[in-house]
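# Report on the structure
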Amino acid sequence: MNILIVGSGARESAFIWKLSQSRKNINIFSINPNAGTQELSTPIYTQKEDLEFIKSKVVDLKIDMVLVGPEIPLIEGIQDYLKKDPITNNTAVIGPSKKGAQLEGSKDFAKNFMQKYNIPTAKYRSFSQTQIQDGLDYLETIKPPYVLKADGPAAGKGVLIIDNIIEAKTQLEEMLLGKFGESSKTVVVEEFLNGIEVSCFVLFDGKNYKVLPYAKDYKRIGENDTGLNTGGMGSVSPVPFLDKTLKQKIEDKIIKPTVEGIKNENIDYKGFIFIGLINVNNEPYVIEYNVRMGDPETQVVLSRLKNDFLDLLISCDNQTLDELEFEVDSNYFVNIVLASGGYPEKYEKGKVISGIESVEGSVIFHAGTLKKNDEVYTNGGRVLSVVSTAPNLKEALKKSYKTISKIQFQGKTFRKDIGFDL
Ligand code: AMP
Ligand code: GLY
């Protein structure tokens, strides 16, 4: 079976690592791989990684399945693009259609969906460019902090949380006037929810769904959850505060209505649903939907999964997920991200990374790395994910921090408090 992986971060490294353990005969191809994934897959290099290029590779390489890591190709409609062409419509795509991807691509679409299907989420209203005054008036009627969300994708920067009403009004106006380009021509203003966030992952085949292990992501750059938001600086699974009752509530009030809603809207959806939840006094609310797996959560979620990953993906495409049981390792898995100095703001690339080959007791997933003349260099903001496991959280963390002490590169940045709140 020929499988093409779209994306080249640590999430995709985890996909490829897990697929390479499959008992099935499988050829893995990856586009512009990093220093880690280039070893485990057949690399395809290109300057122009667009839908047309992906389709041409699907044809040339007789690809049977495309596994899409990041959201942008899904929001752009890669699934429809391949499925609507008679030459590529037999290729399985793990990822929803363009309409389904709107759950991530448009906050307004997602909020309307949640409202329609009675899925608990923060109260909100959406405003377009012609409704600036209505938006400013609405801010007067709600309590701070004010949450302003650009409707469209904004590389993780489109959500502002503001305490001061005057500042909130200024920002709302600036957003509607194009602060984030097209993405903020509509803005969702919503109520602030106070609680602990948790990531829920569902594999959905269009008929049946299966819940993957839950994980917690640490999004801020600074210790004690301070500083700027990042793509994610670490993750932990399982999540100790998620007991059976809370998981049941999540399934009944959020997961089931979400998949029923997708079916009811006739959305063609075979793939992962990532539900960003917040636990407010033991009541789960949806913060956001993503239509893909999360990074850095995938690195711990897939590490816990004992099933053959390819079986899962094939069942997803065949709509037979109901015939499959997930086998999950009950040990703790932690992932600590090593980032470049300066990230998530300006950072330098091209720093030599040493010590990876001597690592024992952790699994390293590459993200922004590049191999040149047998040396590995930094090549992005998030550089490596260091995953370790143990029967308890403390032991698992100790292993990852020990591994981190052996890996060196100029500017190496990481959070020393992953798991601190659990
Ligand atoms: P989003 O892109 O919608 O996930 O928002 C980015 C981050 O902003 C989330 O991970 C939360 O930490 C925070 N956030 C978003 N919406 C809210 C809300 N209604 N209340 C509190 N925090 C929020
Ligand atoms: N871990 C958050 C994300 O992948 O968006």
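The structure contained in this document is the topic of the report that follows. The shown structure was predicted, so the numbers you read here are calculated from the model rather than taken from an experiment.

## Describing the site of ligand 1
- K149, E190, L193, E197 and E288 are the nearest of the 14 residues found near ligand 1.
- Between a nitrogen atom of ligand 1 and a side-chain N or O atom of E190, the distance comes to 2.7 Å.
- At 2.4 Å, a side-chain N or O of E197 approaches an oxygen atom of ligand 1.
- Computed on the free molecule, ligand 1 has an accessible area of 470 Å², of which 88% lies beneath the protein chains in the complex.
- Looking at the shell around ligand 1, the elements with two or more residues in it are β7 (146-150), β8 (159-162) and β17 (283-290).
- Split into classes, the residues belonging to the shell around ligand 1 amount to seven nonpolar, no polar and seven charged.

## Notes on the sheet that holds strand β22 (residues 375-378)
- Pairing is antiparallel across the open sheet formed by three strands, whose spatial order is β19-β22-β21. Of all the strands in the sheet, the pair left with one neighbour each is β19 (352-353) and β21 (369-372).
- The pairing of β21 with β22 spans four bridges and is antiparallel. Following the sheet pairing, K371 is matched in β22 by V376.

## Description of the site of ligand 2
- Around ligand 2, the neighbouring residues are D217, G231, F274, R292, G294, D295, P296 and E297.
- In the environment of ligand 2, a nitrogen atom lies 2.9 Å from a nitrogen or oxygen atom belonging to the side chain of D217.
- Between ligand 2 and E297 there is a distance of 2.7 Å, counted from a nitrogen atom to a side-chain nitrogen or oxygen.
- Relative to its unbound accessible surface of 200 Å², ligand 2 loses 86% to contact with the protein.
- The residue inventory of the shell around ligand 2, partitioned by class, reads two nonpolar, two polar and four charged.

Rules used in this analysis
Residues numbered from 1 in each chain as written. Chains lettered and ligands numbered in written order. Predicted model: local features only at pLDDT ≥ 70, side-chain atom pairs only at ≥ 80, totals over all residues. Heavy atoms only, no water. Near = heavy atom within 4 Å. Polar contact = N/O pair within 3.5 Å; in protein donor to acceptor, adjacent residues only side chain to side chain. Areas by Shrake-Rupley, 256 points an atom, 1.4 Å probe, with all protein chains shown as cover. Helix = DSSP H or I, 4+ residues; strand = E, 2+ residues; numbered from the N terminus. Nonpolar A, V, L, I, M, F, W, Y, C, P; charged D, E, K, R; others polar. Pairing = 2+ DSSP bridges.

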